[in-house]
Structure formats: structure tokens, C-alpha cells
Protein chains: 2
Amino acid sequence: MTSAAIPDIVISRLPVYLRALTRMLGDGQEVTSSKDLGEHLGISSAQIRKDLSHFGEFGKQGTGYQIRFLVDQLRRILKVEKEWDVALVGAGAIGHALAHYNGFRDRGFRISMIFDKDPSKIGTLINGFEVQNVSRLSDVIPQRGITLAMLAVPAEAAQAVANELIKAGVRGILSYAPINISVPEGIHVQQIDPVVHLQRITYYV
Amino acid sequence: MTSAAIPDIVISRLPVYLRALTRMLGDGQEVTSSKDLGEHLGISSAQIRKDLSHFGEFGKQGTGYQIRFLVDQLRRILKVEKEWDVALVGAGAIGHALAHYNGFRDRGFRISMIFDKDPSKIGTLINGFEVQNVSRLSDVIPQRGITLAMLAVPAEAAQAVANELIKAGVRGILSYAPINISVPEGIHVQQIDPVVHLQRITYYV
């Protein structure tokens, strides 16, 4: 398997391609080209062809890509042909927004449990899910075999909760806490911090 | 000016360095090294030295970086020595979370107006801000000279709202809508889509 050799920057673009292609499919489009997709995304067609070429031959010169086929392949590559159960830790404002977010649907993920440590939140329902005591995390997550989590706790708590999640079997964490989290080899962390993105804008503005 | 030649991937790491260094400073640390910072962030020290070398000489071999100085320089490079006023469009769950987010403080940004099109939301207060009718956007944003916006509207509305923002003078948009937005040359867009990040995790898990 050569997948370890594929640059992470290429991997980071695949979900964006998948999202755009899925939308084209939803709009009734059946075929696209790297030029068409590139114009839509503001990425060069050469870049798209090069990125996809890491994974095989997805289109024929001159006839473009069958969108349905490409979508299926990207879903397979990103391992989202099935739905992943995701544990959400933190039932504050960000946790609430995530629990109500309908953008997960049909894209490979569903939140299946919510934890918080605040007694006033534990036992309440958010979008149909009962908020559980975070102290139960180490029991419940292994029971359900959950390997993905979203972290929406304050910066100060993030590392400790991440450690617990990993001990419970979680191997991938999407963190909204504005702090770097240290994890052992083999655990994958992505971070969402609006300020990091805003600063990346102001550099250019 | 050679700034156009600096790879975007380098720029994308500067806010992460700034965040970590600011936290070190808050913890009372005064000096760091590329090794120390790299271990903290899971990035090689060579990478950090190389990234920073694009912008000048920030540390002396063997004595490390004066954190306060490096923080000031990074804030200047990213143009966050001052605070930017940001318009928020969309007062749904994500907009609410952003309006209440206290991670903006001291990092260069403050939300200074909130818009929505829902009559039941217009006129209500969110964290002290009155939600304004989105139809007023084209008047209010130029009046205040605002050039940055956050977009927390449904995918279907995102492009149209982005067009209006740009017409009103906005030059940078952080979008939470799970759709690609097309913008003219010179306008900078960053997107936050949790599914894109989750799929980047599942590829590796």
C-alpha cells in the first residue's frame, strides 16, 4: 500500500472534491471534467488531475469523470461509505450547534452520544440525545466501540478529556478547543479554530 | 515585497504558532526554542525554523526565541496588532455559538454586528448585539468600514449573501456553510466544515 506516501495536503482536498461532486450529483449533473470542477472550486484542473491520479484512473481523457463513480471512489478512499458514530464532548454553545448541525447527514457521520460535566446539563436532551456525565465516557465509548470524537470543551479541559477519549478507544478527534492537543502516535487530531482561519485571511487582506 | 512568494501552507501554520506562543507567555514562559515549540505542536523544529525564516531572523542560534518579541512579530505579520471588526451573518445555532465564543478576545477580532433574515430573530439580542435585518447589510457594513465577515447561513443562501457582503466592501469571509463559494480575485475565503475535517481523519484511522 502506498497510501502513506500521499501528501496530507492532497488528502485535505479530497473531502472538498467529494462535497462539490455530491452537490453536482444532487443537482442532476452526471459528468464533470477537471476543468469544470476546478473552476467551481477555484483550483487548477492540473492540480485536481494530479491529486486524483494518486488513487488510480478515474476518468478518460476527453470524456471527463462519471460523477457517481468518482463520488463512490472518494467515499471509499475517505472511508465514509458507511456512517461513523461520533461521540460529542461538551454541551455548550459549540456542542449545541454541532448537535443540531444537519450537515453530517449522508456524509459519513452521526453524533451518537453527548457528554458534559455540568450537572445542570446532564440528563437534559439536545436534539433527542440525553447529555451524559462525562465521567461515564470511559465505560460508554468502549461499549459502543466508538473511535471518533468531537471535542467542544474549554481550552483548559481539552487535553485531559482527549487523554480520556484515547484511553477509551478513540483514535480520531476533531477539536474545537483553541489549544494544541498532544496525542500519541497513531491518533489523529484535526482542529477547528475560527481565529486561526481569520488570521489566515487577514494576512492576505 | 516578497510576501506573495511565501507558500500558503506556511501562512496557515503561523496562527498556530502564535496561539501556542501566546499561551506560553500567559503561563509565564519568556524564552522558547524551535525544538520546544515543535514538540509542543507535533511539528519538526526544522519546519518551524524554515517557516519563520521567510519573515526574518527571530532567534539566535543557541539562545532560542524571545517569546514576547516573536508574538509581536507574528501579530504584525498576520495584521492582528489591532482588532478587526467582524460582521456575522446568520443567527442560527452556529451564529449563536460564534456570538458567544470568547476565544476571539485578544486575538485580533471582535464581532460587531449580527444579521439574519428571520423576522423572529431580527431585533432580538445575542450576547448584547441586536440582530439586524440582513437587508440592511449593504448600508451598515460600508458605514462602519467593515472588511471581514463570518458566514453562518444555510448552504443554499451562502453564495448570495457572500456576493452582497463583497459588494458592501467585505474582502475576507470565513464561511461555515458546507458549500464552495466563488469569489472574485482579491477576496479571501476560508471555510470551516466539520465533515471535511472528519473525513480527513477517517482517511487515516
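Refer to the preceding data block for the structure.
What counts and what doesn't
- Residues numbered from 1 in each chain as written.
- Chains lettered and ligands numbered in written order.
- Predicted model: local features only at pLDDT ≥ 70, side-chain atom pairs only at ≥ 80, totals over all residues.
- Heavy atoms only, no water.
- Axes fitted to C-alpha atoms, helices over the stretch in contact; angles between N-to-C directions.
- Helix = DSSP H or I, 4+ residues; strand = E, 2+ residues; numbered from the N terminus.
- Parallel < 35°, antiparallel > 145°, perpendicular 65-115°, else oblique.
- Contact = heavy atoms within 4.5 Å.
- 1 Å grid on protein atoms, 1.4 Å probe; cavity = no way out; pocket = protein on both sides within 12 Å on 5 of 7 lines; lining within 4 Å.
- Points joined across faces, edges and corners; volume = space filled by probe spheres on them.
- Nonpolar A, V, L, I, M, F, W, Y, C, P; charged D, E, K, R; others polar.
- Buried < 20%, exposed > 50% of the residue type's maximum accessible area, 1.4 Å probe, protein only.
- Buried area = accessible area lost by both parts, 1.4 Å probe.
- Salt bridge = Lys/Arg side-chain N within 4 Å of Asp/Glu carboxyl O.
- Polar contact = N/O pair within 3.5 Å; in protein donor to acceptor, adjacent residues only side chain to side chain.
- Least-squares fit on C-alpha atoms with pLDDT ≥ 70 in both.

Student: Any chance you could explain the packing of helix α1 (residues 8–26) of chain B against helix α3 (residues 45–53) of chain B here in plain terms?
Tutor: In helix packing, the relevant descriptors are the interaxial angle and the interaxial distance, both defined with respect to the helix axes. Residue and element names in this part refer to chain B. Between α1 and α3, whose axes approach to 10 Å, the crossing angle comes to 105°. Comparing their axes, α3 and α1 come out roughly perpendicular. Only Gln47, Ile48, Asp51 and Leu52 of α3 make contact with α1, whose side of the interface consists of Val10, Arg13, Leu14 and Tyr17.

Student: Looking at this structure, how should I read empty space enclosed by the protein?
Tutor: Using a probe with the size of a water molecule, rolled over the atoms, empty space left in the structure can be pinpointed. The final tally for this structure, using the stated rule, is three cavities of 30 Å³ or more. Reported here for the largest cavity is a volume of approximately 210 Å³. Lining the largest cavity are 14 residues, with Ile94(A), Tyr176(A), Ile94(B), Ala97(B) and Tyr176(B) positioned closest to its centre. Among the secondary structure elements, those contributing two or more residues to the lining of the largest cavity are α5 (93–100) of chain A together with α5 (93–100) of chain B. Computed from the structure, the second largest cavity encloses a volume of approximately 40 Å³. Lining the second largest cavity we find Gln199(A), Pro15(B), Leu18(B), Arg19(B), Thr22(B), Arg75(B), Asp106(B) and Arg107(B). For the lining of the second largest cavity, the element with the most residues is α1(B), which contributes four residues. Residue composition of the lining of the second largest cavity, by class: two nonpolar, two polar and four charged.

Student: How do you make sense of α5(A) when you look at a structure like this?
Tutor: Side chains three or four residues apart in an α-helix point the same way, a direct result of the helix having 3.6 residues per turn. Inspection of α5(A) places Gly95(A), Ala97(A), Leu98(A) and Ala99(A) among the buried residues, and these make up the whole buried set. As for α5(A), its buried residues are in contact with β4 (84–89), β5 (109–116), β6 (125–126) and β8 (148–151) of chain A together with α5 and α8 (194–202) of chain B.

Student: What am I meant to see in the environment of Leu198(A) here?
Tutor: Within the secondary structure, Leu198(A) sits in helix α8 (residues 194–202). Apart from the residues within four sequence positions on either side, Leu198(A) is in contact with Phe104(B), Phe109(B), Met150(B) and Leu174(B).

Student: Looking at this structure, I do not really get the interface of chain A and chain B. What am I missing?
Tutor: Interface size, as often reported, equals the accessible area lost upon joining of the parts. The interface of chain A with chain B comprises 59 residues on the first partner and 59 residues on the second. Around 6,000 Å² of area is buried between chain A and chain B when both sides are counted, 64% of it from carbon and sulfur atoms. Remark: the boundary between chain A and chain B carries six salt bridges. As a salt-bridge pair, Asp8(A) and Arg200(B) come within 2.6 Å of each other at their nearest N and O atoms. For the interface between chain A and chain B, the tally reads 22 residue pairs in polar contact (both at pLDDT 80 or more). Residues that form the side of chain A that touches chain B fall into these classes: 37 nonpolar, 13 polar and nine charged.

Student: Sorry, what's going on with the relation of the copies chain A and chain B here?
Tutor: Put simply, the two copies of the chain differ by a rotation about an axis and a shift along that axis. Of the transformation placing chain A onto chain B, the axial shift is 0.0 Å and the rotation is 180°, giving an RMSD of 0.0 Å. Such a combination of rotation and displacement between the chain copies is what one expects of a two-fold axis. When the interface residues of chain A are mapped onto chain B, 100% of them again lie at the interface, so the same face is used by both copies.

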